[in-house]
Amino acid sequence: MPPVSRTTALLTDHYELTMLQAALRSGTAHRRSVFELFPRRLPEGRRYGVVAGVGRALDAIESFTFDAATLEVLTDVVDEPTRDWLASFRFGGDVWGYAEGEAYFPYSPLLIVESTFAEAVLLETVLLSIYNHDSAIASAASRMTLVAGDRPCIEMGSRRTHEEAAVAAARAAYVAGFATSSNLAARQRYGVPTAGTSAHSFTLLHDSEADAFRAQVLSLGTETTLLVDTYDVEAAVRAGVEIAGVALGAVRLDSGDLAVQAFRVRELLDSLGATSTRIIVTSDLDEYAIAALAAAPVDGYGVGTQLVTGSGHPTCGFVYKLVARESDDGAMVSVAKKSVDKISVGGRKYALRRRSPAGVAEAEVIGIGAPPEDDGDDRPLLVPLVRSGEIVGRESLEAARDRHRAARDELPVAIQQMSRGEPVIPTVTVGA
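Residues numbered from 1 in each chain as written. Predicted model: local features only at pLDDT ≥ 70, side-chain atom pairs only at ≥ 80, totals over all residues. Heavy atoms only, no water.

Draft legend 1. Representation of the overall build of the chain. For the chain, the count of helices and strands is 15 helices and 19 strands. Projecting the C-alpha coordinates of the chain onto the three principal axes gives extents of approximately 85 × 60 × 35 Å. When burial is assessed residue by residue, the chain has 51% of its 432 residues classed as buried. When the accessible area of the chain is evaluated, it comes to approximately 19200 Å², of which 52% is carbon and sulfur surface. (Helix = DSSP H or I, 4+ residues; strand = E, 2+ residues; numbered from the N terminus. Buried < 20%, exposed > 50% of the residue type's maximum accessible area, 1.4 Å probe, protein only. Areas by Shrake-Rupley, 256 points an atom, 1.4 Å probe, with all protein chains shown as cover.)

Here it is in structure tokens:
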């Protein structure tokens, strides 16, 4: 078996290459083109979305090259002239987009790709794959951290999704405010902080629960988190405090009525003098469960399945459409799809967040053909990501986290409602 190539060029669909072949043959492949990645709507009932995956998309663009092993796969996909063209391919266009962590709304132009048709069309699938997945995770994560408030959320969904999706999910969750992840690959690749202690199997391995606790405390120290619901919660809490002392870091509850148990455990811990011991809860939590636990004496949440599946919305429904192209006379003309329920709006887009004098977001304003006018309190949304093929938009995850926090804070207070509703601000289109 040939070695696996490290290029991202095959993370695409067959028809991207057959379109390229036909365009090369017709002479239209090199027409200047503008593609746009955008959502027609938010997932049903959601009031805002969060952009994530920008950094991963930039990495994918940079690695989108056709080496010998990749071209070998394409021998019966496209003809030799097309393979010859691909052999020297490197994206040389410009990309503008919403920065990572930013909020988005219907028809927000999240990514603008300006290049030849041939260059831009090849990136469609890989860009949609990254943006649709990572933004779905970040959008769910944002709702969870919003209702969690100052209580930290821990991402622990790796075993509930594809192994590579798990790494991307941990990264996206961190952008949207999660404190740590259980995923070590996310730590290695992206610097996401990780945390973890033990599972029920560790307790079951030992002759007694007390033996398991002693081994864990001896190895990890008294600041560790003990899992206390393998057998009897009250007995486990008492044993944990007896072994670790009142400086025991935390106990974790993973089953049953978490709110009721949290109150009982808090009372027990306090009666034992372990007043600083925290209570961490896990067990199929989502934003609604976290909101329901707001009044309970809980100090942190571990979230798995619901996070990595987008809490009911595993994709954002983003699309990637040609919105302008060069005509025979060299002028740029707008183009748009008119299919029922799948319309697109032609023309190169610009975007700003209209804000009140107090800094509260009031509308997503999309300019067609020219930037919309800033009334003095507005904030431009599109930033340069790629210039003439060179990546210019890389930034740290900490910068994306800070941006997400600021972008969410400027949205109307209606985002705090977990009930279904319309987007918290309207999308307004101006221009041609």
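Draft legend 2. A look at the pairing of strand β14 (residues 349–355). Strand direction decides the pairing type here: β14 and strand β15 (residues 361–368), joined by 7 bridges, are antiparallel. Across the sheet, L352 pairs through a bridge with V365, a residue of β15. Connecting β14 to the antiparallel partner β15 that follows it, the hairpin turn spans 5 residues, and G359 within it adopts a positive phi of roughly 90 degrees. Pairing of β14 with strand β16 (residues 379–380) involves 2 bridges; the strand directions are antiparallel. The partner of L352 across the bridge, within β16, is P380. (Pairing = 2+ DSSP bridges.)

Draft legend 3. Highlighting helix α1 (residues 14–26). With 13 residues, α1 should cover 18 Å at 1.5 Å per step; its first-to-last C-alpha distance of 19 Å lies within 8% of that length. Restricting attention to buried positions, one finds in α1 the residues E16, L17, L20 and A23. Projected down its long axis, α1 carries its buried residues within an arc of 125 degrees, all on one side. Buried residues in α1 make contact with α4 (80–87), α5 (117–122) and α6 (124–148). (Expected span 1.5 Å × (residues − 1). Arc of directions from axis to C-beta. Contact = heavy atoms within 4.5 Å.)

Draft legend 4. Region of the structure containing the sheet that holds strand β12 (residues 318–326). Spatially, the 7 strands line up as an open sheet ordered β13-β12-β1-β5-β3-β17-β18, and their pairing is antiparallel. Only two strands of the sheet have a single neighbouring strand rather than two, namely β13 (332–334) and β18 (390–391). As judged from the 4 bridges shared by strand β3 (residues 94–98) and strand β17 (residues 382–387), these two strands associate in the antiparallel manner. In the strand pairing of β17, W96 is matched with P384. Relative to β17, helix α2 (residues 54–62) is tilted by about 20 degrees, and along the sheet it contacts β3, β17 and β18. (Axes fitted to C-alpha atoms, helices over the stretch in contact; angles between N-to-C directions.)

Draft legend 5. Focus on the sheet that holds strand β19 (residues 427–431). Pairing in this open sheet of 4 strands is mixed, and the strands run β16-β14-β15-β19 from one edge to the other. Unpaired on one side and paired on the other, β16 and β19 mark the two borders of the sheet. Two strands pair when backbone bridges link them, and β15 and β19 are joined in this way by 5 bridges, in the parallel orientation. Within β19, the residue paired with E364 across the bridge is T427.

Draft legend 6. Structural view of the environment of G177. For G177, the position within the fold is in the loop between α7 (163–175) and β7 (180–181). Judged by relative accessible area, which is 33%, G177 ranks as partly exposed. Separated by 150 residues in sequence, G177 and G27 have C-alpha atoms that sit 48 Å apart. Residues within four places of G177 in sequence aside, it is in contact with T145 and R401.

Draft legend 7. Fine view of the pattern of salt bridges. Within the structure shown, the criterion is met by 27 salt bridges. Because the salt bridges share partners, they merge into one network encompassing E102, R353, R355, E364, R379 and E410. (Salt bridge = Lys/Arg side-chain N within 4 Å of Asp/Glu carboxyl O.)

Draft legend 8. The packing of aromatic side chains, seen in detail. If you walk through the whole model with that rule in mind, you get 8 aromatic pairs. A ring pair is formed by F64 and F89, whose centres lie 6.0 Å apart and whose planes are at 75 degrees; its orientation type is edge-to-face. Taken together, the residues span a long stretch of sequence, with F64 in the loop between α2 and α3 (68–73) and F89 in the loop between α4 and β3 at a distance of 25 residues. In terms of burial, F64 and F89 fall into one category: buried. (Phe/Tyr/Trp six-rings, centres within 6.5 Å; stacked < 30°, edge-to-face > 60°.)

Draft legend 9. Quick peek at helix α10 (residues 209–220). The end-to-end C-alpha distance of α10, which contains 12 residues, comes to 16 Å, matching closely the 16 Å that a straight helix rising 1.5 Å per residue would cover. Regarding α10, the residues found buried are E209, A212, F213, Q216 and V217. Here the buried residues of α10 occupy an arc of 125 degrees about the axis, which is enough to place them on one side. Residues of α10 that are exposed and point more than 90 degrees away from the buried face comprise L218 and S219. Looking at the buried residues of α10, the elements they touch are α9 (200–205), β8 (225–227) and α11 (233–244).

Draft legend 10. Broad picture of unusual backbone geometry. If you check the backbone angles, D284 has positive phi at about 50 degrees while not being a glycine. In this fold, D284 is placed in the loop between β10 (278–281) and α13 (287–292). Taking the relative accessible area as the measure of exposure, D284 reaches 59% and is therefore exposed. Of note in this structure, S388 is not a glycine but carries a positive phi near 50 degrees. Along the polypeptide, S388 turns up in the loop between β17 and β18.

Draft legend 11. The arrangement of the packing of α6 against α7 in detail. In the contact formed by α6 and α7, the axes pass within 8 Å of each other and the chain directions differ by 45 degrees. With respect to each other, α6 and α7 are oriented oblique. Our pair here, α6 against α7, has a crossing hand that is right-handed. Residue-level contacts link H133, D134, I137, A138 and A141 of α6 to A165, A168, A169, A172 and A173 of α7. (Parallel < 35°, antiparallel > 145°, perpendicular 65-115°, else oblique. Left-handed = near helix turned anticlockwise from the far one by under 90°.)

Draft legend 12. View of the side chain of H404. Positionally, H404 belongs in helix α15 (residues 397–409). Setting aside chain neighbours within four positions, we find H404 in contact with V50, G101, S142, V175 and A176.

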